[in-house]
Amino acid sequence: MNHRGVKGTQDIFTPEVEVWRFIESTASRVFENFGFQEIRVPIIEHTDVFTRSIGETTDIVEKEMYTFQDKGGRSITLRPEGTAPVVRAFVQHSLYAKRPINKFYYTGPMFRYERPQAGRYRQFQQIGVEAFGSDDPRLDAEMLLMLKLLLEKLGLKDLDCQVNSIGCPECRPGYMDVVRAYFHDLYGELCSECQRRFEINPLRIMDCKAPKCRELRVGAPSVLDYLDNDCSRHFNALTGMLQALEVPYTVNPNLIRGLDYYTRTTFEVIASGLGAQNAVAAGGRYDGLVAEFGGPEKTPALGFAIGVERMVSLIKETYKHRRRPALFIAALSKEAEKMALILSGRLRGKGVWTEISYDSASLKSQMRRADKLNAEYVLIIGEEELKRGSAPLRNMNTKEQVDLWLDKVVEQFT
Ligand code: ATP
Ligand code: MG
């Protein structure tokens, strides 16, 4: 039997788990202030929820999905991302009929069969948001402001928020032709994948991570020069609002996200200090996706997702809110052990983190254990203490010691 975890997965322990929880709880607080509600969707979906929305020729669908047949012969896929399942749920439950604007956030594991490396796993966690019902750039601006506020609250610095517009189904084909023409003479220098992309979707070349392809696209025509009037107005309005909201951004016309469903606004937050996998969050508009799922024709929407592992690695060094036990009860006799068990039960019942020993170790080794647990106080109970009804309570920071009545312990800590 193989007793090791699956390649590309991680086990996460305390104290790192606390950093995860800090990120998750901060995100839900910030999102809820912007009117986003939590949504929980399944980890498994019918495979075509992803193939049809993300696009047949994308990396995710071509190479990265965990797809299997269940016992009923259905093709099932472990979700590689959160947007398609949320849109599926939104349409299936006609949520558009309940309110004109619907805003959701979610958190959970995603699965992609990628080459594992720093910042890239096969099971990874995303926190994402999706907003439905308006194509007004205020919604885009608000979402970027929300992301900025969250990143600030998490204590992140040196971030670059890159924005772009990739136009709509009306103006994008024109740009696609220009891109194809640009890469025509460079074809031989493209990576083998981009040579294939050249035929089916040359825009993908703009998203390739191979250093040579990055280099080749430096002089490529900018998508922003090929937007139609409406898309252009939308993008200009967005950047104007970002300035008014004091959300710092840079325009990156090469930011063509590798999923089929994006329209108009795309964005990515890049962190220095993450190496090659440097995007902590990414998203954009997908004005046509709801209709593709059979929802109302005009339901514009947008969203983003944050990569939690990358976020954790950015903030774990500076994270300072570690929880510690309030009290360790050292017991030096059988009767004292019983008293420690009873007192710890009462304290825990009142919400006080209390620790006891589970073997009859010496005082010295119990004190060592209290130290290791970083307990704030230690109460030391022996035969003598039980007889007189009070015991020494030691403050582990100051080493000060006071005597505490045993029947007042719970009161003292609550
Ligand atoms: P990348 O360019 O790093 O491959 P992506 O464009 O595939 O990212 P998205 O699908 O936009 O990523 O997902 C949003 C975020 O999720 C990314 O910015 C990143 O932080 C995180 N992410 C994506 N794939 C992985 C992975 N395999 N392991 C860990 N985090 C990931
Ligand atoms: Mg990827």
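Residues numbered from 1 in each chain as written. Chains lettered and ligands numbered in written order. Predicted model: local features only at pLDDT ≥ 70, side-chain atom pairs only at ≥ 80, totals over all residues. Heavy atoms only, no water.

Novice: Any details on the overall build of the protein? Residues and values, ideally.
Specialist: Secondary structure assignment for the protein yields 15 helices and 16 strands. Scaling as 2.2 N^0.38, a compact globule of 414 residues should have a C-alpha radius of gyration of about 22 Å, whereas the protein reaches 28 Å, well beyond that. Dimensions of the protein along its principal axes, counting C-alpha atoms only, are 90 × 55 × 45 Å. Counting every position in the protein, which comprises 414 residues, the buried fraction comes to 50%. (Helix = DSSP H or I, 4+ residues; strand = E, 2+ residues; numbered from the N terminus. Rg over C-alpha atoms; globule rule 2.2 N^0.38 Å. Buried < 20%, exposed > 50% of the residue type's maximum accessible area, 1.4 Å probe, protein only.)

Novice: Describe the sheet that holds strand S12 (residues 327–331), and please don't skip the residues or the numbers.
Specialist: Across the sheet, five strands lie side by side as S13-S12-S14-S15-S16; this open sheet has mixed pairing. Each end of this open sheet is capped by a strand with a single partner; those strands are strand S13 (354–356) and strand S16 (401–405). This sheet shows a mean twist of 25 degrees between the axes of neighbouring strands, independent of strand direction. Examined bridge by bridge, S12 and strand S14 (residues 377–381) share five bridges and lie parallel to one another. Following the sheet pairing, Leu327 is matched in S14 by Tyr377. Sheet strands in contact with helix H12 (residues 334–349) are S12, S13 and S14, and its direction is about 160 degrees off that of S13. The strands that helix H13 (residues 363–373) touches are S12, S13, S14 and strand S15 (390–395); relative to S12, the one it contacts most, it runs at about 170 degrees. (Pairing = 2+ DSSP bridges. Axes fitted to C-alpha atoms, helices over the stretch in contact; angles between N-to-C directions. Contact = heavy atoms within 4.5 Å.)

Novice: Explain the domain arrangement of the protein to me, using residue names and the numbers behind them.
Specialist: Taken domain by domain, the protein comprises domain 1 (16–171 + 227–315) and domain 2 (327–413). A separation of 49 Å is found between the C-alpha centroids of domain 1 and domain 2. (Domains from an automatic or database assignment.)

Novice: Explain the pairing of S16 to me, and be specific about the residues and the numbers.
Specialist: Bridge analysis of S15 against S16 gives five bridges, and the strand direction is antiparallel. Each bridged residue has a counterpart across the sheet, and for Arg394 the counterpart in S16 is Gln401. Hairpin connection from S15 to S16: five residues lie between these consecutive antiparallel strands, with Lys399 at a positive phi of about 65 degrees.

Novice: Go over the site of ligand 1 with me, naming the residues and quoting the values.
Specialist: Near ligand 1 lie 16 residues; those nearest to it are Arg112, Glu114, Tyr121, Arg257 and Ala279. Between ligand 1 and Arg120 there is a distance of 2.9 Å, counted from an oxygen atom to a side-chain nitrogen or oxygen. The contact in question runs from an oxygen atom of ligand 1 to an N or O atom on the side chain of Arg257, over 2.4 Å. Contact with the protein chains covers 91% of the free accessible surface of ligand 1, which is 580 Å². Secondary structure elements with two or more residues in the shell around ligand 1: strand S6 (123–132), strand S10 (279–285) and strand S11 (301–307). Take the shell around ligand 1: its biggest share by element is four residues, from S10. (Near = heavy atom within 4 Å. Polar contact = N/O pair within 3.5 Å; in protein donor to acceptor, adjacent residues only side chain to side chain. Areas by Shrake-Rupley, 256 points an atom, 1.4 Å probe, with all protein chains shown as cover.)

Novice: So, a nonpolar patch on the surface: which residues are in play, and what are the values?
Specialist: Together, Ile43, Ile44 and Phe68 make up a nonpolar patch on the protein surface, roughly 240 Å² of accessible area in all. Since its relative accessible area comes to 33%, Ile43 is described here as partly exposed. (Patch = residues over 30% accessible without salt bridge, like charges linked within 9 Å, V, L, I, M, F, W, Y side chains within 5 Å. Salt bridge = Lys/Arg side-chain N within 4 Å of Asp/Glu carboxyl O.)

Novice: Just give me the short version of the sheet that holds strand S3 (residues 66–69), but keep the residues and values in it.
Specialist: One key point about sheets: their strands pair by backbone hydrogen bonds, in either a parallel or an antiparallel sense. If you trace the three strands from one edge of the open sheet to the other, you get S2-S4-S3, paired in antiparallel fashion. Here the strands that pair on one side only, and so sit at the sheet edges, are strand S2 (44–46) and S3. Taken over all neighbouring pairs, the strand axes of this sheet differ in orientation by 35 degrees on average, direction set aside. The pairing of S3 with strand S4 (residues 75–78) spans four bridges and is classified as antiparallel. Bridge assignment links Tyr66 to a residue of S4, and that residue is Leu78.

Novice: Lay out the packing of helix H1 (residues 16–33) against helix H11 (residues 308–315) in plain terms, naming residues and giving numbers.
Specialist: At a minimum axis separation of 10 Å, H1 and H11 run at an interaxial angle of 110 degrees. It follows from the interaxial angle that H1 and H11 lie roughly perpendicular. Once H1 is placed against H11, the crossing between them reads as right-handed. Contacts from Glu16, Val19, Trp20, Phe22 and Ile23 in H1 reach Val308, Glu309, Met311, Val312 and Ile315 in H11. Class assignment for the residues of the contact of H1 with H11 results in eight nonpolar, no polar and two charged. (Parallel < 35°, antiparallel > 145°, perpendicular 65-115°, else oblique. Left-handed = near helix turned anticlockwise from the far one by under 90°. Nonpolar A, V, L, I, M, F, W, Y, C, P; charged D, E, K, R; others polar.)

Novice: Any chance you could break down the nonpolar core for me, citing the residues and the numbers?
Specialist: Among the nonpolar cores identified, the biggest contains 95 residues, and Ile23, Phe31, Phe36, Phe132, Phe183 and Phe304 are the most heavily contacted of them. The element best represented in this core is helix H5 (residues 137–153), accounting for nine residues. Other than its neighbours up to four places away in sequence, Phe132 contacts Val86, Val87, Phe90, Pro100, Ile101, Asn102, Phe104, Tyr286, Val290, Thr299, Pro300 and Ala301. Counting 19 residues, the second largest nonpolar core, distinct from the first, contains Ile329, Leu347, Ala391 and Leu404. (Core = buried A, V, L, I, M, F, W, Y, C linked by side-chain atoms within 4.5 Å.)

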